[in-house]
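# Survey of secondary and tertiary structure
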Amino acid sequence: MIKLFKNKNINDKNIPENLSKSLDKNIDTFKNIFSFDDTVIFRSIENIYDKDFKACLIYISGMISPEIVNSNIIGPLMKIDFKETENSLILDTLKNKVISSCEIFECEAIDEITLSLFNGCTVLLIENFEKALVISSKGYKERSIIEPDSERVIRGPREGFTEGILTNLSLIRRRIKTPNLKFKFMKIGRITKTKICLCYIDSIADVRIINELEKRLKDIDIDGILDSGYIQEIIKDSPISPFKTIGSSERPDSIAAKLLEGRIAVFVDGSPLVLTLPYIFMEYFQSNEDYYLNYYYASFNRILRVFGAFLSVSVPAVYVALMTYHQELIPTPLLLSISAARQKVPLPTIFEVLGLLLVFEIVRETGSRLPATIGQTISIVGTLVIGQAAVEARIISAPVIIIVALTGITELLIPKLMSAMIIIRFILIILSSILGLYGYIFGTIGVFIHIFSIRSFGVPYMLGYGSIKPQDIKDTFIRAPWWYMIYRPNLIAKKNLIRQSKKSEDK
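Reading the values: the criteria
- Residues numbered from 1 in each chain as written.
- Predicted model: local features only at pLDDT ≥ 70, side-chain atom pairs only at ≥ 80, totals over all residues.
- Heavy atoms only, no water.
- Buried < 20%, exposed > 50% of the residue type's maximum accessible area, 1.4 Å probe, protein only.
- Helix = DSSP H or I, 4+ residues; strand = E, 2+ residues; numbered from the N terminus.
- Contact = heavy atoms within 4.5 Å.
- pLDDT = per-residue confidence, 0-100.
- Pairing = 2+ DSSP bridges.
- Salt bridge = Lys/Arg side-chain N within 4 Å of Asp/Glu carboxyl O.
- Phe/Tyr/Trp six-rings, centres within 6.5 Å; stacked < 30°, edge-to-face > 60°.
- Expected span 1.5 Å × (residues − 1).
- Lys, Arg positive; Asp, Glu negative; His and termini not counted.
- Polar contact = N/O pair within 3.5 Å; in protein donor to acceptor, adjacent residues only side chain to side chain.

### Details of helix H6 (residues 165-173)
Ile165, Thr167, Asn168, Leu169, Leu171 and Ile172 are the residues of H6 that are buried. Of the surrounding secondary structure, the elements contacted by the buried residues of H6 are strand E6 (181-188), strand E7 (194-201), helix H9 (252-260) and strand E9 (264-268).

Right, here's the structure in full:
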């Protein structure tokens, strides 16, 4: 894998592929590679008992732990007595008896040694040896494990992923204690060489989906991967669709639950968002907290989310259609009230709705980009001041304020679906302004045809919606009791569908 992503800069400088026996030549090679880089440290070592022993340590300042390098590597190297050690056994002696490290290996390929330095390792070059010792000495700081702001819960674990991939993998390993939990590492990015890890449970996950995912990842040829969002967009099905076909989460418990359902997780070094696939439409409305609370309450909340998404997408379009083409469908008292509120408002209804929705999205985006305290203030003050001032100035009517407020509040019920809802909402409003309710109906039918045609790694996006079997709809609009969820999702975990013993159902 490393050879596939060989560092082009190294080749450009005519650097040899392997080390030579000359220590000075090897040092010059790495100084040439890291020219004009003062963070790379070259530390010469001499032995107090053997003046012929010459070595050099190479490491990157800030990436290693100085305590580990000083006490476990430099100190023992200076004091070891090689008089009774054969020259051919020096590397083995250093690995097994001198240097204290949890991970140490021999390496002669210069590009592999260079990559190890970027990962926080220390490299030991020795005179007359064509191999170097690569010693694990990572010491860079990582963010502590805290609850993610984007997925807070009332009941449930308070842990969230960090930017360190090994830390994130350990959070999964602590929850799923089986040798069937597999981790496959890859490197993507010609320049960044970002470490990627595929995680799945071998006895549950579908082999065809794993192979398809590996194929798509290997086909990625890009200069850098800085976040899991890059991969999410590059390998997704239906690339022009506003809907996601690959999920993401910052919560270890959520990822562990998806692995147990047969899904595959993709960890990206430097990103706290872990990808999961296949991803189906119903996952937009599912929350990990649903599975920790009473199933009646969880089902009620899930239905609220579905209803909220419907209102957020439909209410502005239906209002525009009724006020523009179908006023006879509005009850007379309500129509008179709305007409009175719209007196002296110069703009047509369509421009009122579109203009205020656009202002709402601007305020939302502004609030999300500012620090939390300032952002909330800007959002509240901006919305109230602009809304109140616009109504008093007769630029917009009060009913439109209510419509947009209801749309905005319901939109925030499902943050994962927000981007798709905004796009569909504006499309439906424009169709309604042209064709009235027929435009809204045609647009809605088009959306359903689209989402029913999508697949995520071969799995239908609307999995479970076309079935009337209780086991297929047990975790869709409602969350069935745990003792009833005997099987894993069909088509995702065909390899091993049984989640629990049927004895649980007898309760």
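Once the structure has been displayed, the description carries forward.
### Focus: the confidence of the model for the chain
Predicted confidence across the chain gives a mean pLDDT of 86, with 93% of residues reaching 70 or more. This model gives residues 1-8 a pLDDT under 50, and the stretch forms 14 contacts once residues within four places in sequence are excluded.

### Concerning the pairing of E6
Both E6 and E7 contribute to a ladder of eight bridges, which runs antiparallel. Within E7, the position partnered with Met186 by the bridge is Ile196. From the end of E6 to the start of E7, which pair antiparallel, there are five residues, and Gly189 there has a positive phi angle of about 115 degrees.

### Comments concerning the pattern of salt bridges
If you walk through the whole model with that rule in mind, you get 26 salt bridges. Each member of the salt-bridge network shares a partner with another, and the members are Asp92, Lys95, Glu106 and Lys131.

### Considerations on the packing of aromatic side chains
Counted according to the given criterion, the structure contains 11 aromatic pairs. Note on Phe243 and Tyr461: the rings are 6.4 Å apart at their centroids and 65 degrees apart in plane angle, and the pair reads as edge-to-face. Of this pair, Phe243 sits in the loop between helix H8 (228-234) and strand E8 (247-249) while Tyr461 is found in the segment after strand E12 (459-460), placing the two residues 218 residues apart along the sequence. The residues Phe243 and Tyr461 share a single accessibility class, namely buried.

### Section: helix H12 (residues 349-369)
Given a rise of 1.5 Å per residue, 21 residues ought to cover 30 Å, and the 30 Å separating the end C-alpha atoms of H12 matches this to within 8%. Looking at H12, one finds that the buried residues are Thr349, Ile350, Glu352, Val353, Leu356, Leu357, Phe360, Glu361, Val363 and Gly367.

### A short note on the side chain of Arg479
With respect to the helices and strands, the residue Arg479 is situated in the segment after E12. Here Arg479 sits buried without a salt bridge, and the closest side chain of opposite charge, Asp475, lies 6.1 Å off (N-O distance). One polar contact links the side chain of Arg479 to the main-chain carbonyl oxygen of Asp290, over a distance of 3.1 Å. Contact partners of Arg479, with chain neighbours within four places excluded, come to Asp290, Tyr291, Leu293, Asn294, Tyr295, Ala298, Ser299, Arg302, Lys474 and Met485.

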